[in-house]
Amino acid sequence: MNVVELLRAAGPLLWVLAALSVYVVYTAAVRAQTLSRLGRDPAALIERARAITAESGPAAALAEVDRAAHPGSAAQVLRAGLGRADRGPEAAQAAMNSALLAEDARLYAGLSALGTAAQVAPLLGLLGTVMGMVRSFLVFSQTAAPTPTQLATGISEALINTAAGLVVAVMAYVARNALRAKADRIATAAERVREEVPAWLTGRGRRAAVPEVALTFDAVPAVGATR
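Residues numbered from 1 in each chain as written. Predicted model: local features only at pLDDT ≥ 70, side-chain atom pairs only at ≥ 80, totals over all residues. Heavy atoms only, no water.

> I'd like a description of the overall build of the protein chain, backed by residues and values.
Along its length, the protein chain carries eight helices and zero strands. Relative to its full complement of 227 residues, the protein chain shows a buried share of 38%. Long-range contacts, defined as pairs at least 24 residues apart, comprise 76% of the intrachain contacts of the protein chain with a sequence gap of at least 6. Put simply, the protein chain shows about 13,500 Å² of open surface, and 63% of that area lies on carbon and sulfur atoms. (Helix = DSSP H or I, 4+ residues; strand = E, 2+ residues; numbered from the N terminus. Buried < 20%, exposed > 50% of the residue type's maximum accessible area, 1.4 Å probe, protein only. Contact = heavy atoms within 4.5 Å. Areas by Shrake-Rupley, 256 points an atom, 1.4 Å probe, with all protein chains shown as cover.)

Structure (C-alpha cells):
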C-alpha cells in the first residue's frame, strides 16, 4: 500500500488534521517573525536614553528614542514613559503600564490558538480511531469470515488518524512553548525598563532641586579693639 492509498484509507478526517497542521505551521512562523522583530536588543538605546535624560532631560532622550525608531517592546515602553515625563514620575509610570499591557497583547497573540490546536489535534485523531474501529467491526456484521483486506481499511483509518493527530499536537505544543519562552524574555526586558525610568526622573529631579547655599561672613574685629 503506497502513500496515496494510505491517505485514501485514512478517511476525510485526515484532511481536517492536514489543514490544522498547515494552520499551526503558518501561525508559528508568523509569530516567530514578529517576536524576532519585537525582541531586538534595546540595551544600547536604553543606555543612551539614560545618559541623555541625566544630561539634557527626558525631552531630549525622547527625541533620541524616536530617532532610533527601535521596534522592540522595551523601546515602546521607554518611549511612553519619556513622553509623559514632563508630568512627573507617576504619570510616566502610568503611561508605561498602559504601554506594557499593549505590548503583552502583541507578544502573546496567537499562543492561545497554538495551545488550543495542541489540545484539539489528539481528540481529532482519537475520533478518527473510533471511526476506523467502527468500520472494522461493521465488516463482521456484513461478513461471517472477513478477509484481512476487508479489515485493513478500518484499521488503517484508525492508526493513520491517531498518528496524524499526535504529530500535529506535538508540533503545536513545541511551537507554543518555544514562542512563549521568547515572549517572556521580551516582556521581562520591557518590565525592567518600566521599573528603571521613574528612578531616572526622580534622581534627576532631586539633583535639580538642590538649594543654593548662601555663605555669610561675620566681620572680624581688629586686633586690640575694645571688647
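> Describe the nonpolar core, and please don't skip the residues or the numbers.
Counting residues in hydrophobic clusters, the biggest one holds 25 residues, and the most contacted among them are Leu20, Val24, Leu35, Leu107, Leu114 and Leu179. Mapped by element, the contributors of at least two residues to this core are helix H2 (13–38), helix H7 (111–142) and helix H8 (148–208). Here this core gets 10 residues from one element, more than from any other, and that element is H8. If sequence neighbours within four positions are ignored, leucine 35 has contacts with Leu107, Leu179, Lys182, Ala183 and Ile186. (Core = buried A, V, L, I, M, F, W, Y, C linked by side-chain atoms within 4.5 Å.)

> Describe in detail the pattern of salt bridges, supporting the description with residues and values.
Between side chains of opposite charge, a pair can form when the charged atoms approach closely. Scanning the entire structure with this criterion turns up seven salt bridges. Arginine 79 is paired through a salt bridge with aspartate 66; the nearest N and O atoms lie 2.8 Å apart. Here the residue arginine 79 occupies a position in helix H5 (residues 73–83), and aspartate 66 occupies one in helix H4 (residues 58–68), the gap between them amounting to 13 residues. Under the relative-accessibility criterion, aspartate 66 is labelled partly exposed at 40%. By sharing partners, the salt bridges in this structure join Glu47, Arg50 and Glu196 into a single network. (Salt bridge = Lys/Arg side-chain N within 4 Å of Asp/Glu carboxyl O.)

> Give a description of the layout of surface pockets that names residues and reports values.
Here the largest pocket is characterised by a volume of approximately 230 Å³. As for the largest pocket, its lining consists of 19 residues, of which Pro42, Ala43, Ile46, Ala189 and Arg192 are closest to the centre. Listing elements by their share of the lining of the largest pocket, those giving two or more residues are helix H3 (43–56), H5 and H8. Class assignment of the residues belonging to the lining of the largest pocket gives a composition of nine nonpolar, four polar and six charged. (1 Å grid on protein atoms, 1.4 Å probe; cavity = no way out; pocket = protein on both sides within 12 Å on 5 of 7 lines; lining within 4 Å. Points joined across faces, edges and corners; volume = space filled by probe spheres on them. Nonpolar A, V, L, I, M, F, W, Y, C, P; charged D, E, K, R; others polar.)

> Describe the side chain of histidine 70, naming the residues involved and giving the relevant values.
On the secondary structure map, histidine 70 appears in the loop between H4 and H5. The class of histidine 70 is buried, set by a relative accessible area of 8%. A distance of 3.4 Å separates the side chain of histidine 70 from the backbone oxygen of aspartate 41, its partner in a polar contact. (Polar contact = N/O pair within 3.5 Å; in protein donor to acceptor, adjacent residues only side chain to side chain.)

> Residue-level account of the packing of H3 against H4, with values.
One can describe the packing of H3 onto H4 by two numbers: an axis separation of 7 Å at closest approach and a directional angle of 155°. As summarised for this structure, H3 and H4 are arranged roughly antiparallel, according to the angle between their axes. Crossing handedness for the pair H3 and H4: right-handed. The segment H3 lies against H4, with Leu45, Arg48, Ala49, Ile52, Thr53 and Ser56 engaging Pro58, Ala60, Ala61, Glu64, Val65 and Ala68. Tallied by class, the residues present in the contact of H3 with H4 amount to eight nonpolar, two polar and two charged. (Axes fitted to C-alpha atoms, helices over the stretch in contact; angles between N-to-C directions. Parallel < 35°, antiparallel > 145°, perpendicular 65-115°, else oblique. Left-handed = near helix turned anticlockwise from the far one by under 90°.)

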